[in-house]
Amino acid sequence: MLIRCIITLSLCLIWCWNHGHGERISIFTEKNQVSKIASVSAKIHQKTLKSDLQIDVSPFSDSDLFYNAHAVCKAFRNGTLALIGLADAESSNQLRWYSRALHIPSVIRSSHTQISYADTLADPPHGSYHFDIHPQTIFAVLDIISHGYNWTEAFYITDTNTKSDQAWEVYVKHAKANSNPSRLYATFYQIHSVAHAVDYITSTVLRVPIQPWHMILDLPAQMSVRLINEFLNSIAVRERYFHFILVSLDFEVANFQTLYSTYNNLTALSMIQDAETQKTIRGSNIATTEDALAFDAISFVATALSANASLLPSRSINCTATPFDVWENGDATRQLLQNYQYTGLTGKLEFDKFGNRKNYKLDIMEMNKGGRFVKKGIWSDVSGTQFQNSKDESDNLPLRVIGITAPRFLMTVPCNSTEYENKTPTPSHPAECFVGYIADFVRELGAVTNLSLKLHTGKTKSYYGSKINGSWTGAIGEILRKEADLAIGDLSVTSDRAAVVDFTIPFLHDDYLVLMKKEQQEPQDIFSFLLPFSRNLWLAIILAILGTYVVIFFVGRIGPSEWHHAEHPDPDEAEGVTNEFTSEESLWFTLATLLQQGPNIGPRSMATKIAVAAWFVWVLIISQTYTANLAAFLTINRLTSPIQSIRDLAIQTDIRYGTLTGDHAAANFFANSDVDTYIRMRIFMIQYNTAVKNVQEGVTKVREGNFAFISQKTVIDYANSGPPCDTRIVGLPLFATDYAIAKTVKP
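Rules used throughout
Residues numbered from 1 in each chain as written. Predicted model: local features only at pLDDT ≥ 70, side-chain atom pairs only at ≥ 80, totals over all residues. Heavy atoms only, no water. Patch = residues over 30% accessible without salt bridge, like charges linked within 9 Å, V, L, I, M, F, W, Y side chains within 5 Å. Areas by Shrake-Rupley, 256 points an atom, 1.4 Å probe, with all protein chains shown as cover. Salt bridge = Lys/Arg side-chain N within 4 Å of Asp/Glu carboxyl O. Helix = DSSP H or I, 4+ residues; strand = E, 2+ residues; numbered from the N terminus. Phe/Tyr/Trp six-rings, centres within 6.5 Å; stacked < 30°, edge-to-face > 60°. Buried < 20%, exposed > 50% of the residue type's maximum accessible area, 1.4 Å probe, protein only. Pairing = 2+ DSSP bridges. Axes fitted to C-alpha atoms, helices over the stretch in contact; angles between N-to-C directions. Contact = heavy atoms within 4.5 Å.

Q: Hey, could you run me through a nonpolar patch on the surface in this one?
A: Judged by side-chain polarity, Ile-526, Phe-527, Phe-529 and Leu-530 come together as a nonpolar surface patch covering roughly 410 Å² of accessible area. For Leu-530, the position within the fold is in the loop between β25 (508–517) and α17 (535–558).

Structure follows, in structure tokens:
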């Protein structure tokens, strides 16, 4: 009797050891996800058909693999039907190894790049013991960019510990096996932080002379959005164009505000395609696609095994035994999961013989100009990439473009004018048309991009606009108030404007010059030779000539030495005594010596010689003085010009100078300059309020005189080259600026 009781008790203990714990499913996840997964598992457990099927949730360490091995072995000792891995890449690899070695099926939500071509070939031909519920999005991304977008070069950035180039090797082999060799060259780079990624892109990627830059971000969604936002806010990438593609399926939980407020593009993938499923997810504790995959993994295993667990009894397994303690029911359990039909939140779950998910579709989503993601196509692991031509309602609306009017840039002329060939009708006045560089630019831009662009001059017509009491007016103000989408013209990129709107890559480089009126020379008068001396001096000279004439005449007549016998060849015809200083000869002698022509007679007496010598000295002084003054007078207009440089303009106060109202490029230049000349000019312009409302007013004030207009080179050259050709450019360019298209910013 005692022996029978001992035998019965031993059998009971053995049964309790093998079956006392009940059939169970072991789930391994990150420590911070244990409570969340446990809550999901509890809800699923309530729906299972077999009440004694237990679901255990255990934490996995992201660094201690020995701890993870101990947790897995503990689950084996307790007896388990299947493993579910929801942890990181290394943990998933551990479960793969145990599953393959001990023949215990596992369902894994691996990383999207956890693909190893060698591992798939190592699985037995009849099937795999591990099933990967996560779609292989890396294949979808590579197929989309190489066959959908036709990229030939791209940068692949990842933070995973696995080598992403293994996925690339799988893709290349897969492409060659299907007679479709890949044309894409990818550069792989692994990062450990957002700052590291930004530093790598700005220092390495931007050196590559291609644009747009193609970036594949194999990162978590939140990390991707931080990288993009910080990257696009850095100065190094301003006015650059990028096309980002996200490998993560959780793009909807991220805020890409910085991205959609620029002209950069973003493509993402979506697995939750059914609208009703999306509504269910939003109303539950499932926030991301990764959560939905975890829910499907647990629900798939639980529902598949709940009705069949009695046919597949579990037992305690020693994971450290040599040789391996293989579970005898593992192959049957694997076949059960392989053939089980289940449709979850992420669609129908089907697996190939390697345990990879198959027959699934991913929506190709692109961010539109309104900041919303719209469906642009579908990728399938069977048919590949298929883009659709449908557009959302915001794509059908024309872009409202403000054209800033300025000579040569944008002007209005009658539509029946024959002076210009290409004319664009204005929306407000059918009889008027736009002409100029901006009109041609907008027309070509619409033709190239297939966009509908509506050009107008804005409501306020106040050029660029000014910031008054914290609010912007003009073109910038209309963009901020969403009354326009684009502003095109001689609109400079400044820090103030870049803080409120976004700019494209500059389409024109320009300098700032100063325009002034030419100095007008007075016409030369026929009596201008009299100008070197004043009227009183000329009167004194005339009196001196007459006085000298009288003195020489009387001295010559009185002095006896001036009387002499006239020399004659025939003595019989000699007339006797004569005097050469007659009244006529005395006057001629005075004038001849004054004009330095040399007289025909000369004095004989001492008194006459003294009078003549005094006259000679006076004539010498007067003639030299006149000659010097005449030369100076004739050349003074050519040698002197009041304004020759910017410094000359700054140090004087007679001539006013100013810029356009709202010209922030010029305002920022003068405000931020520490050069004394420019500081003085800024104070002068503010003190006298010399700003003009438009270019035409500035040019008109220049031609009226005593005003200098500071503006862009294109505007100054146009005004300076036109009639009546009475202006000139002063000095060298003050500074340079770039023109770009301003774009509306979404909140």
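We are not done yet, so read on.
Q: Just checking my understanding: could you explain the packing of aromatic side chains for this structure?
A: We describe a pair of aromatic rings using the distance from one ring centre to the other and the angle between the two ring planes. Scanning all chains against the criterion turns up 27 aromatic pairs. Between Tyr-360 and Trp-379 the ring centres are 6.0 Å apart and the planes differ by 50°, which places this aromatic pair in the tilted class. Pair noted here: Tyr-360 is in the loop between β12 (347–349) and β13 (361–367) and Trp-379 is in strand β14 (residues 373–380), with a separation of 19 residues, a long-range link. An identical accessibility class is assigned to Tyr-360 and Trp-379; each is buried. Pairing Trp-538 with Tyr-626 gives two aromatic rings, centres 5.8 Å apart and planes at 70°, and the pair type is edge-to-face.

Q: I would appreciate a short explanation of the sheet that holds strand β15 (residues 384–387) in the present structure.
A: As a general point, the strands of a sheet are linked pairwise by backbone hydrogen bonds and lie either parallel or antiparallel. Across the sheet, which stays open at both edges, the 8 strands sit in the order β7-β6-β8-β9-β10-β13-β14-β15 with mixed pairing between neighbours. The open sheet has two edge strands with one neighbour each: β7 (185–190) and β15. The mean angle between the axes of side-by-side strands here comes to 25°, regardless of whether they run parallel or antiparallel. In this sheet, strand β10 (residues 265–270) lies alongside strand β9 (residues 242–246) in parallel orientation, the contact comprising 3 bridges. Note on β10: the bridge partner recorded for Phe-244 is Leu-266. Taken strand by strand, helix α6 (residues 137–148) contacts β6 (153–158), β8 (213–218), β9, β10, β13, β14 and β15, and its axis lies near 55° from that of β15. Docked against the sheet, helix α8 (residues 194–203) engages β6, β7 and β8, running at close to 140° with respect to β7.

Q: What's the story with the side chain of Thr-548 in this structure? I'm lost.
A: Structurally, the position occupied by Thr-548 is in helix α17. Once you skip the residues sitting within four places of it in the chain, Thr-548 turns out to touch Thr-590 and Trp-615.

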